[in-house]
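Report on the structure
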Amino acid sequence: EKLALLSTMKRDGWAVVADEPVQLLDQARERLSEVESAGLGEAAQIRPDRWSATPDGVIWTWCGQEFSLPGFGTHLIRNALFALAVARHLGVGPREAAPRLKAAALPPMRGEVRRVGRLALLVDCYNANPASFRAALEALGELASGRRRAVLAGTMLELGDRSAALHEAVARSMLEGGIEIIAAVGEFASAFDRIGATSSDRLILSGTLEEAYSELVGSLVGGEAVLLKASRGMKFERAIPWFERDFGKRIRMKNSGTDG
């Protein structure tokens, strides 16, 4: 689908694509004479010199200029590099682009970090596909910083006839990544079942978001980092007020407000 974006361009056109997977870059160069790669990998042509991620935003340096962006997760840096590359190609240099990027307002539910009592809630349920799911899992690891991690995972929609295999692959990524608690809904519940992981005491498999949350809440003590991730049609933001009801109020009362 990403390569389809290049189908209307002339052979002598210019494009910037991700540095991974390698097949994307190779095939883009078969279609266009001028292609640059952007990302965080060593081989990327457009790559920051250094970068870091905090709950307040991401910061990186590129072409001698420091950049920042609200939101959480290094995948935001990858996305910003595409915009910066296009801006430079159109004559807007890094120094001019930096303050404009800093003032950008990201849509809600895209890498949004919420503090709910002592929980760190990573709300990334604006949309979902395998690549964005793995990026969100990476961001969860960065956010956790020693905390237990939990994922409330919902169906990735519109994946066509590869949907089952793609859900299974991401399910394995969650297991192999050592996520301590996984509550899976819809296609993910089926995927964990198919790969034979249902005996794991880390798993909560449910048919609905409401059922998954009611089981998940009993496994949380209030200090975890929790990821909400699903396609937009699953409406996982419905769980946010449930967390606020159960953990915001409960943790403040339990700790007399001293935990912030």
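Residues numbered from 1 in each chain as written. Predicted model: local features only at pLDDT ≥ 70, side-chain atom pairs only at ≥ 80, totals over all residues. Heavy atoms only, no water.

1. A look at the environment of A43
For the record, the criterion: Comment: elements are numbered from the N terminus, with helices defined as DSSP H or I runs of at least four residues and strands as E runs of at least two. Burial classes: relative accessible area under 20% of the type maximum marks a residue as buried, over 50% as exposed, and values in between as partly exposed (1.4 Å probe, protein chains only).
Secondary-structure assignment places A43 in the loop between β2 (34-38) and β3 (50-54). Its relative accessible area of 70% is what places A43 among the exposed residues.

2. Side note on helix α5 (residues 163-176)
Threshold: Here, expected helix span is obtained from the residue count minus one, scaled by 1.5 Å. Between two residues, a contact is recorded if the distance between any of their heavy atoms is within 4.5 Å.
Under the 1.5 Å per step criterion, the end-to-end length of α5 is 20 Å for 14 residues, consistent within 8% with the ideal 20 Å. Among all positions in α5, only S163, L166, H167, E168, V170, A171, M174 and L175 are buried. Against α4 (130-144), β8 (149-153), β9 (181-185) and α6 (187-194) lie the buried residues of α5. Phi for G178, located one or two positions after α5, is positive at around 75°.

3. So, the sheet that holds strand β4 (residues 57-62)
Neighbouring strands of a sheet are bound in pairs by backbone hydrogen bonds; such pairs are parallel or else antiparallel. The test is simple: In this analysis, strands are considered paired if DSSP registers two or more bridges between them. A fitted line through C-alpha atoms serves as each axis, taken over the contacting stretch for helices, and the angle formed by two N-to-C directions is quoted from 0 to 180°.
Taken together, three strands build an open sheet; the order of strands is β3-β4-β5 and the sheet is antiparallel. Each edge of the open sheet is held by one strand with a lone partner, namely β3 and β5 (65-69). Within the sheet, the average angular offset between the axes of one strand and its neighbour, ignoring direction, is 15°. Sheet topology places β3 next to β4; five bridges connect them, and they run antiparallel. By the bridge assignment, S52 is partnered in β4 with I59.

4. Notes on the sheet that holds β8
One open sheet holds the six strands; their spatial order is β6-β7-β11-β8-β9-β10, and the pairing between them is mixed. Edge strands, defined here as strands with exactly one partner in the open sheet, are β6 (112-116) and β10 (203-206). Between one strand and the next, the sheet's axes are offset by a mean angle of 15°, whatever the strand orientation. Here five bridges tie β8 to strand β11 (residues 225-229), and the two strands are oriented parallel to one another. If you follow R149 over to β11, its bridge partner there is A225. Those strands touched by helix α7 (residues 209-216) are β8, β9 and β10, and its axis lies near 155° from that of β10.

5. Observations regarding the packing of α5 against α6
The angle between the axes and the distance between the axes are what describe a pair of packed helices. Here is the rule we go by: Should an angle fall under 35 degrees it is taken as roughly parallel, and over 145 as roughly antiparallel, whereas 65 to 115 is taken as roughly perpendicular and any remaining angle as oblique. Residues are grouped as follows: nonpolar covers Ala, Val, Leu, Ile, Met, Phe, Trp, Tyr, Cys and Pro; charged covers Asp, Glu, Lys and Arg; every other residue, Gly included, is treated as polar.
Put simply, α5 and α6 touch, their axes get as near as 8 Å, and they point 75° apart. In this view, α5 runs roughly perpendicular relative to α6, as classed from their interaxial angle. In this structure, α5 contributes A164, H167, E168, V170, A171, M174 and L175 to the contact, and α6 contributes E187, F188, A191, F192 and R194. Partitioning the contact of α5 with α6 into residue classes produces eight nonpolar, one polar and three charged.

6. Quick word on unusual backbone geometry
Residue P21 is reached from E20 by a cis peptide bond, and omega for that bond is 0°. As for its placement among the helices and strands, P21 is situated in the loop between β1 (14-18) and α1 (22-31). A positive phi angle is found at C63, which is not glycine, with a value near 55°. By secondary structure assignment, the location of C63 is in the loop between β4 and β5. Taking the relative accessible area as the measure of exposure, C63 reaches 47% and is therefore partly exposed. A positive phi angle, close to 60°, is found at E158, a residue other than glycine. Structurally, E158 can be placed in the loop between β8 and α5.

7. Focus on the pattern of salt bridges
The criterion, for reference: The working definition used for a salt bridge is a side-chain nitrogen of Lys or Arg within 4 Å of a carboxyl oxygen of Asp or Glu.
Tallied over the full model, the rule gives 13 salt bridges. Of the charged contacts in the structure, one is a salt bridge between D124 and K229, with a shortest N-O distance of 3.0 Å. With D124 in the loop between β7 (119-123) and α4 and K229 in strand β11, this pair connects stretches of sequence that are 105 residues apart. On the basis of relative accessible area, K229 is assigned to the buried category, the value being 1%. Taking the shortest distance from any N to any O, the salt bridge between R149 and E180 comes out at 3.3 Å. With R149 in strand β8 and E180 in the loop between α5 and β9, this pair connects stretches of sequence that are 31 residues apart.

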